[in-house]
Amino acid sequence: MKEKYLKRIVIVIVGILLVLFVSNKIMKPKSNVLPEVKLKEIVNKNKSFAIMIQEKSEIDKYQEYNSNKWPGDDYKFKEAKCIDNNGNEITEAVTYENDKITLTTNKTVYCTIYFDKSIIGKLREDEELANKDNLSKDLQGGMYRYQGTDDVHNWICFGTEENCGTNDDNIDKYMYRIIGITPEGQLYLIKETVLKEGIKAEFKWNSKTFMPDCKGEACEWPNVDLYKRLNGEESNGNPIFVNNPEYAYMALENDWYKLIAEHNWMYGDTSDRTMMDKYNGQLLYAIETGNEETFRYWPDEVQETCSSNSPCAEKEYTWSKNIPAKISLMYIHDYLYSYYDGSTDESRGNPGSYTNIKNNNSWIHFQKDGYNSSTSFEWLLSRRCFGNGTENYISVWIISDEGGHSFSGLDHERGTRPVFYLKSDLKISKGGGTKTNPYIIEILNKQD
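Only a predicted model underlies this, so the values are computations on that prediction, with no experimental measurement involved.

### Looking at the overall build of the protein chain
Helix and strand content of the protein chain: eight helices and 26 strands. Out of the 448 residues in the protein chain, the part that is buried amounts to 49%. Sequence separation of 24 or more characterises 63% of the internal contacts of the protein chain that already satisfy a separation of 6 or more.

As structure tokens, this is what we get:
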């Protein structure tokens, strides 16, 4: 009897082990167990997710990401690959938006989330390799900005997939500099050299500058000649950038033009007093984005203009208008924020007082690199409006060849360098950001 019972017990144990073995073979996913993933600050203990990030300088290699937060601006979501308990691929189970994973399935799944290096991640990696510290670590005026004087690695070709740093003709036509990059990945570019139309290299902001011609909104940015000519319209002259044959890549149907994002450009006025009292990038950025009051001289309801016989009063004023467009000019704060002498972080965007300007040393100054030597002044987007309340014409802030700010009537001819934002889904295919090895943009989904 004891032997019979013992045999039965052995048979039951063997059966249980066999069932467990078969179940394990059936239920185990056909891949290695995924490392536990950390979503935001909450650790997922069931090992159903893993996060992998692209390795440095390696396109097809990934490494496990172990932080308890999502990868930051240096990475962008690529894809999610999921399998069920049988190892079968589950498609469209995961969506990623605003740093959140949404899982839509009624099955038990095991997912690996892949993140590629973003554009800003590549820019930071290149800075690290070159032992540079020009791309700000924190947001400076709404973006990460290149700040410095000499040898700033922010050169980039636009309009060609070839190296445009090989000769002066190519530099003149295709070379740009990266002002900064937004957290969303939009590169903000400025042309290295001033625009040309044949031998002409200076243009009017507007053909009208006196009152009453400029009364109301007549001489505000969306209505002036330079805005229209930059964006491909005829207005007291032919287009000088978009639809200008000298820059064929800026034709409306061109793939390069389609890479440029439409942006809401704020515009407005700021007085001499503001420039004297608040001359640094942070404060000018607050003014030029409508987040802080400034001042301007403006006629009251009964005045036709400001003049010595009928002076205008200085009034509080806040920027509140914007225009959606692709092309514009840089702001005062763009110019100031570009400065960094390498001494302390407090010097970033703070090139000294209005009367003791050092910004001609900044990489962004139009004569810094030896180009544009025949141009003495460069237009900005920001108007000065009326001067001391006795002038009867409207003026705009400009940059001088000595690096300081001055002002000019709208009907004067000055150097013009366009700025624009690129869409965030572009790809930098090669280059290191130097003048001789500039960044090269790859045109994806080219039109035949």
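### Re unusual backbone geometry
Of note, the bond from Met211 into Pro212 is cis; its omega dihedral lies within 30 degrees of zero at 5°. By the secondary structure assignment, Pro212 is in the loop between strand E14 (203-204) and helix H4 (225-230). Its identity as a non-glycine residue notwithstanding, Asn236 has a phi of 50°, on the positive side. Relative to the helices and strands, Asn236 resides in the loop between H4 and helix H5 (255-258). We classify Asn236 as exposed; its relative accessible area is 60%. Its identity is not glycine, yet Asn243 carries a phi of approximately 70°, on the positive side.

### Digging into the sheet that holds strand E21 (residues 395-400)
If you trace the three strands from one edge of the open sheet to the other, you get E20-E21-E22, paired in antiparallel fashion. Taken across any chain shown, the strands that pair with only one partner, and hence form the sheet edges, are strand E20 (377-385) and strand E22 (405-409). Recorded for the sheet is a direction-independent mean angle of 40° between the axes of neighbouring strands. Here E20 pairs with E21 via five bridges, running antiparallel. Considered in E21, the bridge of Arg383 is made with Val396.

### Focus on helix H7 (residues 281-288)
Owing to its 3.6 residues per turn, the α-helix brings residues three or four apart onto one side. Listed in full, the buried residues belonging to H7 are Gly281, Leu284, Ala286, Ile287 and Glu288. Residues of H7 that are buried make contact with strand E16 (263-267), helix H6 (272-277), strand E17 (294-297), helix H8 (332-337) and E20. The N-capping residue of H7, defined by a side-chain oxygen 3.1 Å from the backbone nitrogen of Gln282, is Asn280. Two residues or fewer past H7, Gly290 is found with a positive phi of approximately 80°.

### Points about the side chain of Asp116
Along the chain, Asp116 falls in strand E9 (residues 109-117). Despite its burial, Asp116 remains without a salt bridge, the nearest opposite charge being carried by Lys78 at 4.3 Å. The contacts of Asp116, once residues within four sequence positions are left out, are Gln54, Tyr62, Asp74, Tyr75, Lys76 and Lys78.

### Notes on the sheet that holds strand E4 (residues 62-64)
Taken in spatial order, the five strands of this open sheet run E4-E3-E9-E5-E6, and their pairing is mixed. Unpaired on one side and paired on the other, E4 and strand E6 (89-90) mark the two borders of the sheet.

### A closer look at the state of the cysteines
Working definition of a disulfide: a covalent bond connecting the sulfur atoms of two cysteines. Counted according to the given criterion, the structure contains four disulfides. Two residues share a disulfide in this structure: Cys214 and Cys219, whose sulfurs sit 1.9 Å from each other. Between Cys214 and Cys219 the disulfide shows an S-S torsion of about -70°. By sign, it is left-handed. Take Cys214 and Cys219: they sit in the same class, and that class is buried. Across a sulfur-sulfur distance of 1.9 Å, Cys306 and Cys312 are joined as a disulfide pair. Residues Cys306 and Cys312 are joined by a disulfide whose S-S torsion is about -100°; by sign, that bridge is left-handed.

Parameters at a glance
- Residues numbered from 1 in each chain as written.
- Predicted model: local features only at pLDDT ≥ 70, side-chain atom pairs only at ≥ 80, totals over all residues.
- Heavy atoms only, no water.
- Helix = DSSP H or I, 4+ residues; strand = E, 2+ residues; numbered from the N terminus.
- Buried < 20%, exposed > 50% of the residue type's maximum accessible area, 1.4 Å probe, protein only.
- Contact = heavy atoms within 4.5 Å.
- Pairing = 2+ DSSP bridges.
- Axes fitted to C-alpha atoms, helices over the stretch in contact; angles between N-to-C directions.
- Polar contact = N/O pair within 3.5 Å; in protein donor to acceptor, adjacent residues only side chain to side chain.
- Lys, Arg positive; Asp, Glu negative; His and termini not counted.
- Salt bridge = Lys/Arg side-chain N within 4 Å of Asp/Glu carboxyl O.
- Disulfide = S-S within 2.5 Å.

Without other data, these values stay purely geometric and don't point to any function.
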